[in-house]
Amino acid sequence: MNARRTNWAGNITFSAERFHRPASAGELQRLVAGTRRIRALGTGHSFSRIADCPGDLVSVAGLPKVIQIDPGRATVTVSAGLRYGELAGRLNEAGWALRNLGSLPHISVAGACATGTHGSGDANGNLATAVSALELVTADGDIVLLSRDSDAAALAGAVVGLGALGIVTSLTLDLVPAFAIRQYVYQGLPRDQLDEHLESIFASGYSVSLFTDWRGPKIRQVWRKCLAGERDPGLPGPGRWLGAELADGPRHPVPGMSAVHCTEQRGVLGPWQLRLPHFRPEFTPGSGAELQSEYLVPREHAIEALAAVGRIRGRVAPALQISEIRTVAADDLWLSPSYQRPSVAIHFTWIRDPEAVAPALAAIEDQLAPFGARPHWGKLFSVSPAVLGGLYQRLPDFQRLRGEFDPAGKFGNELVDSYVPASR
Ligand SMILES: Cc1cc2nc3c(=O)[nH]c(=O)nc-3n(C[C@H](O)[C@H](O)[C@H](O)COP(=O)(O)OP(=O)(O)OC[C@H]3O[C@@H](n4cnc5c(N)ncnc54)[C@H](O)[C@@H]3O)c2cc1C
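This is a predicted model, so every value here is computed, not measured. (Residues numbered from 1 in each chain as written. Predicted model: local features only at pLDDT ≥ 70, side-chain atom pairs only at ≥ 80, totals over all residues. Heavy atoms only, no water.)

On to the pairing of strand β9 (residues 167-174). In terms of burial, β9 is a largely internal element, seven of the eight residues being buried. The sheet contact formed by strand β5 (residues 75-79) and β9 spans five bridges and is antiparallel. The residue of β9 that forms the bridge with Thr 75 is Asp 174. One ladder, built from six bridges, connects strand β7 (residues 131-137) with β9; its direction is antiparallel. If you follow Val 137 over to β9, its bridge partner there is Ile 167. (Buried < 20%, exposed > 50% of the residue type's maximum accessible area, 1.4 Å probe, protein only. Helix = DSSP H or I, 4+ residues; strand = E, 2+ residues; numbered from the N terminus. Pairing = 2+ DSSP bridges.)

The next subject is the pattern of salt bridges. Note on pairing: side chains with opposite charge can pair once their charged atoms come close. Counted by the stated rule, this structure contains 18 salt bridges. Residue Lys 65 pairs with Glu 86 through a salt bridge whose shortest N-O separation is 3.1 Å. In this pair, Lys 65 is assigned in the loop between β3 (56-58) and β4 (67-70) and Glu 86 in helix α2 (residues 84-93), connecting sequence segments 21 residues apart. Residue Lys 65 is classed as exposed on the basis of its relative accessible area, which comes to 58%. Of the charged contacts in the structure, one is a salt bridge between Arg 240 and Glu 245, with a shortest N-O distance of 2.7 Å. On the accessibility criterion, Glu 245 (44% relative accessible area) is partly exposed. (Salt bridge = Lys/Arg side-chain N within 4 Å of Asp/Glu carboxyl O.)

Further remarks concern the nonpolar core. Residues Leu 171, Leu 173, Phe 348, Trp 350, Leu 368 and Trp 377 are the most contacted members of the largest nonpolar core, which totals 128 residues. The greatest single-element share of this core, amounting to six residues, is contributed by helix α8 (residues 354-368). Counting residues in each nonpolar core, the second largest holds eight residues, with Ile 12, Phe 14, Phe 19 and Leu 57 among its members. (Core = buried A, V, L, I, M, F, W, Y, C linked by side-chain atoms within 4.5 Å.)

Around the ligand sit 35 residues, and of these Ala 40, Gly 42, His 45, Ser 46 and Ser 108 come closest. Measuring from an oxygen atom of the ligand, one finds a backbone N or O atom of Gly 42 at 2.7 Å. Note that an oxygen atom of the ligand is positioned 2.9 Å from one of the backbone N or O atoms of Gly 111. For the ligand, the accessible surface in isolation is 960 Å², of which the surrounding protein chains cover 97%. Of all elements in the fold, only β2 (38-40), α3 (109-115) and β9 reach the threshold of two or more residues within the shell around the ligand. With five residues, the top contributor of residues to the shell around the ligand is α3. Of the residues belonging to the shell around the ligand, the class tally is 15 nonpolar, 17 polar and three charged. (Near = heavy atom within 4 Å. Polar contact = N/O pair within 3.5 Å; in protein donor to acceptor, adjacent residues only side chain to side chain. Areas by Shrake-Rupley, 256 points an atom, 1.4 Å probe, with all protein chains shown as cover. Nonpolar A, V, L, I, M, F, W, Y, C, P; charged D, E, K, R; others polar.)

What follows covers the sheet that holds β2. Taken together, three strands build an open sheet; the order of strands is β1-β3-β2 and the sheet is parallel. Edge positions in the sheet fall to β1 (18-20) and β2, since each of these pairs with one other strand and no more. Direction aside, the axes of adjacent strands within the sheet are offset by 25 degrees on average. Note: β1 against β3, three bridges, orientation parallel. (Axes fitted to C-alpha atoms, helices over the stretch in contact; angles between N-to-C directions.)

Turning our attention to the packing of aromatic side chains. Tallied over the full model, the rule gives ten aromatic pairs. When the ring of Phe 179 is compared with that of Tyr 206, the centres are 5.3 Å apart and the planes differ by 55 degrees; the resulting orientation is tilted. Taken together, the positions of Phe 179 in the loop between β10 (176-177) and β11 (180-190) and Tyr 206 in the loop between α5 (191-202) and β12 (207-212) put the pair 27 residues apart, joining distant regions of the chain. With respect to burial, Phe 179 and Tyr 206 carry one shared label: buried. When the centroid spacing of 6.3 Å and the interplanar angle of 80 degrees are considered together, the rings of Trp 377 and Phe 381 count as edge-to-face. Accessibility classification places Trp 377 together with Phe 381 in one group, the buried group. Through pairs of rings, three or more aromatic residues link up here, namely Trp 377, Phe 381, Tyr 392 and Tyr 419. Its guanidinium or amino end placed over the ring of Trp 241, Arg 224 lies 4.1 Å from that ring's centre, counting from NZ or CZ. (Phe/Tyr/Trp six-rings, centres within 6.5 Å; stacked < 30°, edge-to-face > 60°. Lys NZ or Arg CZ within 6 Å of the ring centre and 35° of its normal.)

Attention shifts here to the sheet that holds β5. An order of β4-β5-β9-β7-β8 is seen for the five strands of this open sheet, with the pairing classed as antiparallel. Either end of the sheet is taken by a strand with one partner, and the two such strands are β4 and β8 (143-147). On average, each strand axis in the sheet is tilted by 15 degrees relative to the strand beside it, whichever way the strands run. α2 rests against β4, β5 and β9 of the sheet, and its axis sits at about 40 degrees to β4. (Contact = heavy atoms within 4.5 Å.)

Below, the structure is given as structure tokens:
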């Protein structure tokens, strides 16, 4: 039994009657087979009610830890409850890397993949695109293995699965050889430079993030994460780039916050797992005074979409801590917010005040609706099921998959049942 009752941000109190942390696959299988309603809880970093369940919530973090590298296939098979921070150092020691990471290393692999969690980078798909196989416990307690080799279609449906098909116990992830990154932070990029040079700004590093509070005519910070061999902007000079200035010390994305927990900047070369996330693995915030939302728009609409949000900055800024703008490569995962669309992801870290956030969120959704913005599944959103349904071409296929895997709706919850009801 596990005593965790709220999510990381504390804005959701889980409605589950019972919390479980089985120590073996057999225990998990018996639990699933013997209950009417159950869902998996990862590390609880989602802001929406996506992980919630009225019956049983189960964490797979107590199952035996597995990190099994297959050098011949360049893959690693990991236990689903593992956090990226635990995995990444081990991979690097063995000479391997994941292609990308999110901003925080403390989230579980299964939970991140289930919601389409992503980092940044024109050529980098979301974290779920690395999954070549997954094993899950289905409604009757059986263990099912889906792999790219033998069940490519079902896998494409199941990876960003929102926890709705079963309890994932392990995932196999594609690897690349370990690599090194230099991270540079620039300050004060004029907005008109962004409009003019958006493509080259995002192409200026392996992974690029922009941070803005929407208050002024400048983007507050640009974080460029460059491969060791990429054109090096140099340190200490040249200090200026497109009108922005190289920061003279470490920076935190949120104004006024100390950079002590941020990953190393100022161009110091370091291993991928200590540069791609914005925050250091040894700093593990147990909770956070914030809420988050994020919308992925087709890349070709990036400038118009940013301008549309800019037009309502007066309604957004008062509830905002910071916004982050990233790019995500297109993929073929049915419920991925970047499904078949190279995307720009516009993220909002809000103050933890749901009443202040709700109207800002609604205003943003109005502004971004013309661009077919798809919300991040793990963050707050309020678009209607009808609107969201129109944004995902493969939704009917996912609904069929749900019907096949879980005919009695054992893994459903309010959010999943309203946005992706099973076809029966
Ligand atoms: C500080 C912070 C920073 C963040 N940064 C980013 C970022 O850079 N990029 C980004 O895209 N998102 C980001 N997020 C959002 C976060 O990555 C997602 O919400 C992610 O789903 C959280 O993973 P989790 O393990 O906490 O999953 P949970 O929130 O616990 O669960 C999410 C979903 O996964 C399902 N799930 C979890 N484990 C399993 C399993 N074993 N089997 C089946 N289903 C499972 C749950 O049922 C639920 O539907 C951030 C969140 C926070 C709090």
